[in-house]
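Coordinate inspection notes
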Amino acid sequence: MEYTVKVDAFEGPLDLLLHLIQGLEIDIYDIPMAEISEQYTLYIKAMSVLELNTASEYLVMAATLMSIKSRMLLPKQEEQWEEDQQFEEDPREELVEKLIEYRKYKKAATELKDKEQERSMHFTKPPEDLSSYAQPDVSDEKMQIELADLIGAFNKLMRRKKIKKPMSTRITRQEISIETRMTEILETIRADARPKPFSALFPVAEKPHMVVSFLAVLELVKRQEIHINQDHNFSEIMVGSTEGVSLVGQS
Amino acid sequence: MASHNYKAITEALLFTAGDAGLSNDQIANALNISQLEAEQLMSEMQENYQMDESKGIEIAIYAEKYQFVTKKDLSDYIKLLADSPSPSTLTQAGLETLAIIAYKQPVTRVQIEEVRGVKTDGPVHTLIARGLIKEVGRNEGAGRAILYGTTEEFLDYLGLKDLSELPPLPEDVEEDEKEDSDLFFESLKNGLSANE
């Protein structure tokens, strides 16, 4: 890997030019091109010695400066304007305009930085979760649950259990099989006749365990060994046994 | 007193809403009072919290929403709670790009690059990822370049009520601050010119 020095000194060729103009105490409206070109080239050399990322923009600017410098060495073109005013076409004009425009926004950026700083000293908190108070859907029909709902519930659960990605990844063997979890889940659900909340099927707050549990639930639903209900919007998803309750699945 | 009651309710509402904040509209609705009454109530409450030195929180209006925030001069105490006290602020490139977008919006990336004189993909991407800017449309004509503008999140991030609270774009400015990169480059430059 290349050794790179991270110096946020300059945000581009315009920034560098402004820096030079300010350092040399030059009048921005009357830039001595020879001097600024020389200084600019020196900085670029310094940057390449340091292996700073001398982007192509810097080189384009160097070329621009040289071109302006050479044009200024040419005899001055004088243009005759109406009202007999004499205007000298200044090759630096475009560059100066750019510099002034850039300087304006650079200054604005520092003002935004102050605002940012000030705002960061005020602390707030995230809103309370009021979903349990939300008005249930007016229709009293049993809600259909789709795979997306289950995945949503699973995601919420993961978030609630605050499972963090491990800093380093290691390969672990699968400690429990889906079959094992299916049996366990069936046991949990059949322990008594009452349906259990979806979240109760995820007792272990570890990602692999939760994923296997989720797959086991899906498989059990597919085999119609359990049924899943949600009474209304935002209410807890309940999982019950189909044993003795439904007509299907009795073998 | 009814108005006393309103304040208690509003306090509870603001606490609950947290950084999602509440609009004047929402407060008026919740209390079943007029917009104007809500406004008056809120400015009174704002003043109460502001003036009362025994209170650690105050009511701010960011992105036209009221929210409870901790008082600025208490931030040092709050930072003591954290392990890494400095929040992740924007880089200079990010700030410059954000400034150009804020003042010139809607604006294309090419227009931003024209002002800054450098490629700006990185900062634009970061600003989008942080939710401070978003695509607000497409430029008419060939290419249909993406136009960028600031978001409500941007207002909250800088503590602004609305865009009119942006500090006026500086007209021409004389640079006065000396940059600290000077000494570093100065010695290098001298070394280089001595070699020539």
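Reference entry: report on the structure contained in this document. Keep in mind that what you see is a predicted model, and the values were worked out from it rather than measured.

We now examine the overall build of chain B. Helix and strand counts for chain B stand at nine helices and four strands. Walking chain B from its N terminus toward its C terminus, one meets helices and strands in the order α-α-α-β-β-α-α-α-α-β-β-α-α. Of the contacts formed within chain B by residues at least 6 apart in sequence, a portion of 45% connects residues at least 24 apart. Taken as a whole, chain B presents about 11,100 Å² of accessible surface, with 52% of it coming from carbon and sulfur.

A few words now on the overall build of chain A. Helix and strand content of chain A: seven helices and five strands. Each helix and strand of chain A, placed in order from N terminus to C terminus, yields the pattern α-α-α-β-β-α-α-α-β-α-β-β. Across the 251 residues that make up chain A, the buried fraction comes to 34%. Here the contacts in chain A between residues at least 6 apart in sequence split such that 63% fall between residues at least 24 apart. Only carbon and sulfur atoms are counted for the fraction: they give 52% of the accessible area of chain A, which is about 16,600 Å².

A few words now on the environment of Phe154(A). Along the chain, Phe154(A) turns up in helix H5 (residues 147-160). Ignoring anything within four residues of it in the chain, the contact list for Phe154(A) reads Phe198(A), Phe202(A), Met210(A), Val211(A) and Phe214(A).

Ranked by internal contacts, the top residues of the largest apolar core, which has 27 residues, are Leu17(A), Ile36(A), Tyr40(A) and Leu99(A). Of all the secondary structure elements, the ones that give two or more residues to this core are helix H1 (13-23), helix H2 (33-49), helix H3 (56-73) and helix H4 (93-119) of chain A. Leaving out residues up to four positions away in the same chain, Ile36(A) has contacts with Leu17(A), Leu20(A), Ile21(A), Leu24(A), Ile26(A), Ile31(A) and Leu65(A). Counting 26 residues, the second largest nonpolar core, distinct from the first, contains Ala63(B), Leu95(B), Leu127(B) and Phe154(B).

Tallying each qualifying case throughout the model produces three aromatic pairs over all chains. Just above the ring of Phe15(B) sits the side chain of Lys125(A); from NZ or CZ to the centre is 4.5 Å.

How big an interface is tends to be stated in terms of accessible area lost as the parts join. Contact residues are listed per partner, giving 63 residues for chain B and 50 residues for chain A. For the pair chain B and chain A, the summed buried area comes to about 5,400 Å², and 62% of that belongs to carbon and sulfur atoms. Summed over the shared surface of chain B and chain A, the number is four salt bridges. Across the pair Asp156(B) and Arg119(A) runs a salt bridge, and its minimum N-O distance is 2.6 Å. Secondary structure elements with two or more residues in the side of chain B that touches chain A: helix H1 (2-17), strand S1 (57-62), strand S2 (65-70), helix H4 (75-79), helix H5 (92-104), helix H6 (109-116), helix H8 (152-158) and helix H9 (181-195) of chain B. Here the residues of the side of chain B that touches chain A sort into 30 nonpolar, eleven polar and 22 charged.

Procedures and definitions
Residues numbered from 1 in each chain as written. Chains lettered and ligands numbered in written order. Predicted model: local features only at pLDDT ≥ 70, side-chain atom pairs only at ≥ 80, totals over all residues. Heavy atoms only, no water. Helix = DSSP H or I, 4+ residues; strand = E, 2+ residues; numbered from the N terminus. Contact = heavy atoms within 4.5 Å. Areas by Shrake-Rupley, 256 points an atom, 1.4 Å probe, with all protein chains shown as cover. Buried < 20%, exposed > 50% of the residue type's maximum accessible area, 1.4 Å probe, protein only. Core = buried A, V, L, I, M, F, W, Y, C linked by side-chain atoms within 4.5 Å. Phe/Tyr/Trp six-rings, centres within 6.5 Å; stacked < 30°, edge-to-face > 60°. Lys NZ or Arg CZ within 6 Å of the ring centre and 35° of its normal. Buried area = accessible area lost by both parts, 1.4 Å probe. Salt bridge = Lys/Arg side-chain N within 4 Å of Asp/Glu carboxyl O. Nonpolar A, V, L, I, M, F, W, Y, C, P; charged D, E, K, R; others polar.

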